[in-house]
Amino acid sequence: MSNEPKKAPCSIALLAHVDAGKTTLSEALLYCSGARRTLGRVDHKDAYLDTHALERARGITIFSKQALLKTASREITLVDTPGHVDFSTEAERTMPILDCAVLVISGTDGVQAHTLTLWRLLERYHVPVFLFINKMDLPGTEKGKLLAQLQEQLSPACVDFGADFASVAENAALCDEALLENYLESGTVTEGNLRGLVSKRKLFPCCFGSGLKLDGVDRLLEVLDHYAPVREYPEAFAARVYKISRDPQGNRLTWLKVTGGSLKVRAPLCYVNSNGEQLEEKAVQLRRYSAEKFTLREEILPGETAAVTGLTGTFAGQALGAEPAGQPYALEPVMTYRVNLPKGSDPSLVLPKLRQLEEEDPQLHLLWENGQIHVQIMGRVQLEIFRSLVQQRFGLDITLDDRRIFYKETIENTVEGVGHFEPLRHYAEVHLLLEPLPRGSGLVFGTACSTDVLDGNYQRLILTHLEEKIHRGVLTGAPITDMKITLLVGKAHLKHTEGGDFRQATYRAVRQGLMQAKSILLEPWYGFALTMPTEQIGRAITDIRAMGGEFDAPEAAGNLSTLKGLVPASEVKDYADTLAAYTQGRGRLQLSLHGYAPCHNTEAVLAETGYDPEADLDNTPDSVFCAHGAGFTVKWQQVKDYMHLESGLKEEKAPQILTRNIRVDDKELEKIMEREFGPIRRPLYRPAANRPATEEVPIRAPKQKYIIVDGYNMIFAWEDLAAQAKEDLDAARRQLCDILSSYAGFTKYRLVVVFDGYKQKGNPGEKSQFHNIQVVFTKEGQTADAYIEALAYEIGSNYAVRVASSDSLVQLSSFRSGVLRMSARELREEVESARQEMQAHFRK
């Protein structure tokens with residue numbers, strides 16, 4: 001037995017693409033840890049965690065399950081999640097409660113499209129990741145090539161933890177600048193250093209083996225025991241709900257993880273349900289499950305998961321107690337089907353029963369349209385499972401047809417929407433700014449309205465109305481997404497404004513803005529990987545082109561070729577069956593949801609839909625005004641002629657852009673510096689012999705402090721900015737400038753941020769003022785290094801100058817120029833210190 005102190009309980013999920021051997025690995029982990037005496041197998045239909053009849057019949061995991069096991073120093077809740085793409089949402093909803101995850105990859109298949117989807121989700125939820133490369137006992141697997149693929153497609157910080165500790169330490173040190181400096185000075189790396197890198201997602205330990213042959217499983221358990229993050233929990237009660245289910249007796253189970261304090265049996269829980277109602281209920285039973293079996297507990301400790309009975313209004317993703325609210329789930333269904341009930345069934349009575357399945361799977365959306373039930377589903381396999389569950393749970397033999405794609409809409413330009421609601425004895429007016437956001441951003445709501453213009457309570461009411469409704473677009477009536485809606489101004493009446501007035505004005509303002517904007521129809525796209533005999537790749541290319549898809553050049557490996565790309569979800573349909581037919585079963589299609597992108601056949605969809613936004617009375621863009629004691633309707637095009645408030649949009653002059661033409665050895669550099677930063681003041685001294693005796697000796701004023709910042713070096717050295725730069729480099733630049741502007745304002749430093757533009761053809765270079773800092777883009781053929789060196793050399797003797805960069809060449813040039821240097825890490829520490837001082841100052 002180990003004498004190492006026990007660590008807090010740890011929740012670890014197994015995630016994988018389909019057929020990677022994930023459930024087999026979970027069986028091996030339970031067996032090797034001593035949690036089970038026998039080794040179950042999927043093909044023998046006796047896997048410990050595949051307990052549902054549908055799972056054993058199909059040989060796939062459909063529902064997430066958990067099991068308990070112990071390592072030398074900690075207790076682990078192992079969560080086995082589905083690998084099929086249709087059940088990705090089941091895997092995603094476990095991520096907010098994870099301490100870390102094991103991403104399982106088949107050694108024969110390598111990184112698949114669904115692997116990348118899971119990787120992006122783990123990054124979104126900031127989950128530390130261990131990797132287990134499975135099936136290494138099969139022919140054709142090569143450890144070196146697989147590790148190189150992981151480093152290329154996932155992260156360069158993927159490190160083989162099957163090697164000796166010295167080799168692991170050396171490779172891990174390369175993943176972090178601070179650790180590398182310490183390693184070069186002391187030659188040591190501790191287990192705590194590695195655990196810290198793992199918890200910050202700067203290091204991804206990799207283990208290789210075979211779950212079926214139990215090869216490498218003990219090493220994986222050892223790595224998890226030593227390097228899985230160790231969390232400290234606050235004393236105040238907090239918990240996060242991640243799943244709703246029902247036991248065989250029909251009892252409703254709320255699955256949650258305690259993230260602070262503890263939860264005792266019969267303890268009252270206060271929370272708000274999905275309808276906004278405040279509830280107080282008692283935790284009747286606290287169940288600790290391991291597969292199908294459970295033990296009743298009197299108390300659930302921090303870090304532990306449990307299934308709680310007695311709670312009737314909880315929902316997946318809900319935060320309880322002091323737990324902060326989480327972000328919405330990223331994955332969502334892309335297809336809608338009509339539910340056909342057996343003869344004699346009343347849809348209004350069946351719908352509440354189906355709602356039980358909806359709350360158990362938050363991404364199974366049920367819709368009520370014109371007296372019929374529709375369901376939104378991820379794919380064909382989930383459709384079949386849905387039918388089976390309805391049959392088993394409620395004895396209803398349903399069918400699904402009328403397949404439709406779930407479209408969304410966004411806008412291309414910025415507009416101001418105005419809504420006015422003033423029937424007799426009512427009054428409210430709202431002005432909203434609608435701005436487009438990058439793909440995948442969803443809807444963001446905010447306010448820029450002063451409380452001097454509109455009371456804060458009314459502003460909060462407007463934001464609530466924005467969030468409570470699914471706002472429909474004007475092309476097909478599909479939900480809107482990827483835009484920011486900001487309250488600009490609003491107006492209430494002291495006597496006549498009532499609660500529902502701002503709801504009406506807000507809804508109409510959104511709609512009126514959409515009618516003015518240039519709308520874009522979005523459709524879901526799949527990332528695909530087609531593998532087939534090389535001689536048939538031409539047929540596949542023709543098919544993908546006919547679908548309106550995009551693809552890269554085929555990759556050949558032996559007698560097989562792989563085609564990868566993107567394809568509209570509306571065109572895929574039953575192509576997997578077509579592929580199997582023309583390849584005699586040798587072809588393989590893998591799909592993963594890539595996200596929403598502009599529709600490939602917008603005109604055809606609009607013609608088929610025939611949606612008239614002005615005829616949609618539930619989502620009207622028109623406003624209601626009052627005159628002569630009666631309300632009257634004003635069409636959306638004329639609302640701005642009648643509105644009572646001035647437009648909230650303020651015209652701003654575009655900043656002047658100055659072209660730059662700078663050479664390191666250019667004698668005009670000083671003139672340019674004076675033009676950019678003002679006159680360079682040099683103290684003038686006369687020899688004492690030339691000064692009158694009565695003249696006082698001049699006192700040197702302290703030198704103005706300058707920091708010259710290597711912009712891109714900061715972005716890719718600061719972890720949060722580097723992550724943002726992967727999605728939107730321009731946004732990362734703006735965020736860096738925002739951070740440095742606040743820092744400069746507090747410290748009174750003068751900052752110059754230099755961005756490299758030397759590779760951009762025809763780029764003349766530019767300079768602009770961003771609030772209180774200077775921003776410079778170098779011209780074509782001129783590097784930021786050269787510009788920084790020239791600037792530091794020119795002003796270094798007159799000002800107290802520091803150059804911020806972790807680039808060794810920039811630091812060397814700074815040394816030659818005689819100015820001080822600071823690394824990206826040191827600047828970040830100074831910025832953080834200044835931020836804390838600002839907060840302390842404001843609190844005082």
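Residues numbered from 1 in each chain as written. Predicted model: local features only at pLDDT ≥ 70, side-chain atom pairs only at ≥ 80, totals over all residues. Heavy atoms only, no water.

Considering the overall build of the protein
Part 1 of the reasoning: The helix and strand tally for the protein stands at 25 helices and 40 strands.
Part 2 of the reasoning: A buried classification covers 50% of the 844 residues belonging to the protein.
Part 3 of the reasoning: In the protein, 71% of the contacts between residues at least 6 apart in sequence involve partners at least 24 apart.
Part 4 of the reasoning: As presented, the protein carries roughly 40700 Å² of accessible surface, and 51% of it is formed by carbon and sulfur atoms. (Helix = DSSP H or I, 4+ residues; strand = E, 2+ residues; numbered from the N terminus. Buried < 20%, exposed > 50% of the residue type's maximum accessible area, 1.4 Å probe, protein only. Contact = heavy atoms within 4.5 Å. Areas by Shrake-Rupley, 256 points an atom, 1.4 Å probe, with all protein chains shown as cover.)

A look at the side chain of T486
Part 1 of the reasoning: Mapped onto the elements of the fold, T486 is located in strand 26 (residues 483-491).
Part 2 of the reasoning: Exposure remark for T486: the relative accessible area of 8% places this residue in the buried category.
Part 3 of the reasoning: When neighbours within four sequence positions are excluded, T486 is seen to be in contact with H431, L432, L433, E435, G446, T447 and A448.

Things to note about the sheet that holds strand 8 (residues 238-246)
Strands pair in a sheet through their backbones, by hydrogen bonds, and they do so in one of two ways: parallel or antiparallel.
Part 1 of the reasoning: If you walk across this open sheet you meet the 6 strands as 14-13-16-9-8-17, and the pairing is antiparallel. What marks the edges here is a single partner per strand, and that holds for strand 14 (293-296) and strand 17 (319-321). Sheet twist, expressed as the mean angle between neighbouring strand axes with direction ignored, is 40°.
Part 2 of the reasoning: Contacts from helix 10 (residues 347-360) reach strand 8 and strand 9 (252-260) within the one sheet, and its direction differs from that of strand 8 by about 140°. (Pairing = 2+ DSSP bridges. Axes fitted to C-alpha atoms, helices over the stretch in contact; angles between N-to-C directions.)

Here's the deal with the environment of L433
Part 1 of the reasoning: Structurally, the position occupied by L433 is in strand 24 (residues 428-436).
Part 2 of the reasoning: Judged by its relative accessible area of 11%, L433 falls in the buried class.
Part 3 of the reasoning: Spatially, the C-alpha atoms of L433 and I485 are 5.5 Å apart, while their sequence positions differ by 52 residues.
Part 4 of the reasoning: Once you skip the residues sitting within four places of it in the chain, L433 turns out to touch T414, V415, K484, I485, T486, L488 and L649.

Remarks on the packing of helix 1 (residues 22-32) against helix 9 (residues 217-227)
Part 1 of the reasoning: Here helix 1 crosses helix 9 at 75°, and the two axes come no closer than 10 Å. Taken together, the axes of helix 1 and helix 9 lie roughly perpendicular to each other. For the pair helix 1 and helix 9, the contacting residues are L25, A28, L29 and C32 in the first and V217, D218, L220 and L221 in the second.
Part 2 of the reasoning: Considering only residue class, the contact of helix 1 with helix 9 consists of 7 nonpolar, no polar and 1 charged. (Parallel < 35°, antiparallel > 145°, perpendicular 65-115°, else oblique. Nonpolar A, V, L, I, M, F, W, Y, C, P; charged D, E, K, R; others polar.)

Regarding the packing of aromatic side chains
Two measures describe an aromatic ring pair: the distance that separates the ring centres and the angle between the ring planes.
Part 1 of the reasoning: On inspection of all chains with the given rule, the structure shows 12 aromatic pairs.
Part 2 of the reasoning: Note on Y458 and F502: the rings are 5.0 Å apart at their centroids and 40° apart in plane angle, and the pair reads as tilted. Placement of the pair is Y458 in helix 12 (residues 456-468) and F502 in helix 13 (residues 501-516), with a sequence separation of 44 residues.
Part 3 of the reasoning: When its relative accessible area of 0% is taken as the criterion, F502 is described as buried.
Part 4 of the reasoning: Every member of this aromatic cluster is reached through a ring pair, and the members are W255, Y289 and F294.
Part 5 of the reasoning: Its guanidinium or amino end placed over the ring of Y125, R124 lies 5.7 Å from that ring's centre, counting from NZ or CZ.
Part 6 of the reasoning: Lying over the aromatic face of F294, R287 brings its terminal NZ or CZ to 4.4 Å of the ring centre. (Phe/Tyr/Trp six-rings, centres within 6.5 Å; stacked < 30°, edge-to-face > 60°. Lys NZ or Arg CZ within 6 Å of the ring centre and 35° of its normal.)

Comments concerning the pattern of salt bridges
Part 1 of the reasoning: Enumeration according to the criterion identifies 38 salt bridges in this entry.
Part 2 of the reasoning: Across the salt bridge formed by E90 and R93, the nearest N and O atoms sit 2.5 Å from each other.
Part 3 of the reasoning: One salt-bridge network, in which partners are shared between bridges, spans R246, R252, E359, E360 and R393. (Salt bridge = Lys/Arg side-chain N within 4 Å of Asp/Glu carboxyl O.)

Re the state of the cysteines
Here a disulfide denotes one covalent bond, and it connects the sulfur atoms of two cysteines.
Part 1 of the reasoning: Summed over all chains, the structure comprises 0 disulfides.
Part 2 of the reasoning: Free cysteine: C100, not disulfide-bonded; nearest cysteine sulfur from C10 at 4.3 Å. (Disulfide = S-S within 2.5 Å.)

Digging into the pairing of strand 16 (residues 305-309)
Part 1 of the reasoning: The buried fraction of strand 16 is high, at 5 of 5 residues.
Part 2 of the reasoning: The side-chain alternation of strand 16 yields two buried faces, one formed by T305, A307 and T309 and the other by A306 and V308.
Part 3 of the reasoning: Two elements, strand 9 and strand 16, share 4 bridges in a ladder whose sense is antiparallel. Each residue of the ladder has a partner; that of L256, found in strand 16, is A306.
Part 4 of the reasoning: Relative to strand 16, strand 13 (residues 285-290) is paired through 3 bridges, and the arrangement is antiparallel.

Side note on helix 14 (residues 537-546)
Part 1 of the reasoning: Here helix 14 has its buried residues at I537, A540, I541, D543 and I544. Projected down its long axis, helix 14 shows its buried positions confined to an angular sector of 165°, all on one face. Exposed residues pointing more than 90 degrees away from the buried face of helix 14 are listed as T542, R545 and A546.
Part 2 of the reasoning: The positive-phi residue at the C-terminal boundary of helix 14 is G548, with phi of around 85°. (Arc of directions from axis to C-beta.)

As for the confidence of the model for the protein
Part 1 of the reasoning: Scored by pLDDT, the protein has a mean of 84; 88% of the residues are at 70 or more.
Part 2 of the reasoning: Taken as a whole, residues 680-701 scores under 50 in pLDDT and shows 17 contacts with residues more than four places along the chain or in a different chain. (pLDDT = per-residue confidence, 0-100.)

Quick word on unusual backbone geometry
Part 1 of the reasoning: The phi dihedral of R201 is positive, around 60°, even though this residue is not glycine.
Part 2 of the reasoning: Of note in the backbone geometry, H628 takes a positive phi value of approximately 55° without being a glycine.

Examining the side chain of D80
Part 1 of the reasoning: Checked against the element boundaries, D80 lands in strand 3 (residues 75-80).
Part 2 of the reasoning: Polar contacts involving the side chain of D80 include one to the side chain of K22, which spans 3.0 Å.
Part 3 of the reasoning: At 3.3 Å, the side chain of D80 and the side chain of T23 are in polar contact. (Polar contact = N/O pair within 3.5 Å; in protein donor to acceptor, adjacent residues only side chain to side chain.)

Things to note about the sheet that holds strand 19 (residues 365-369)
Part 1 of the reasoning: Taken in spatial order, the 4 strands of this open sheet run 19-20-18-21, and their pairing is antiparallel. Strands at the two margins of the open sheet, each flanked by one partner only, are strand 19 and strand 21 (399-405). Ignoring strand direction, the axes of neighbouring strands in this sheet form an average angle of 30°.
Part 2 of the reasoning: Sheet analysis places strand 19 next to strand 20 (residues 372-377), joined by 5 bridges and oriented antiparallel.

Observations regarding helix 5 (residues 143-153)
At 3.6 residues per turn, the α-helix brings residues three or four places apart onto the same side.
Part 1 of the reasoning: Restricting attention to buried positions, one finds in helix 5 the residues L146, L147 and L150. End-on view of helix 5: buried residues confined to an arc of 100°, all on one side of the axis. Of the residues in helix 5, the exposed ones pointing more than 90 degrees away from the buried face are K145 and E152.
Part 2 of the reasoning: Turning to helix 5, the residues buried within the fold contact strand 4 (100-106), strand 5 (129-134), strand 6 (158-160) and strand 7 (204-208).

A few points about the pairing of strand 4
Part 1 of the reasoning: In terms of burial, strand 4 is a largely internal element, 7 of the 7 residues being buried.
Part 2 of the reasoning: Neither face of strand 4 is open: one carries C100, V102, V104 and S106, the other A101, L103 and I105, and all of them are buried.
Part 3 of the reasoning: As judged from the 6 bridges shared by strand 4 and strand 5, these two strands associate in the parallel manner. Within the sheet, the bridge partner assigned to L103 lies in strand 5 and is L131.
Part 4 of the reasoning: At this point the chain moves from strand 4, through helix 4 (residues 113-124), to the parallel strand 5, and the crossover so formed is right-handed. (Right-handed = clockwise from strand over helix to strand, strands pointing away.)

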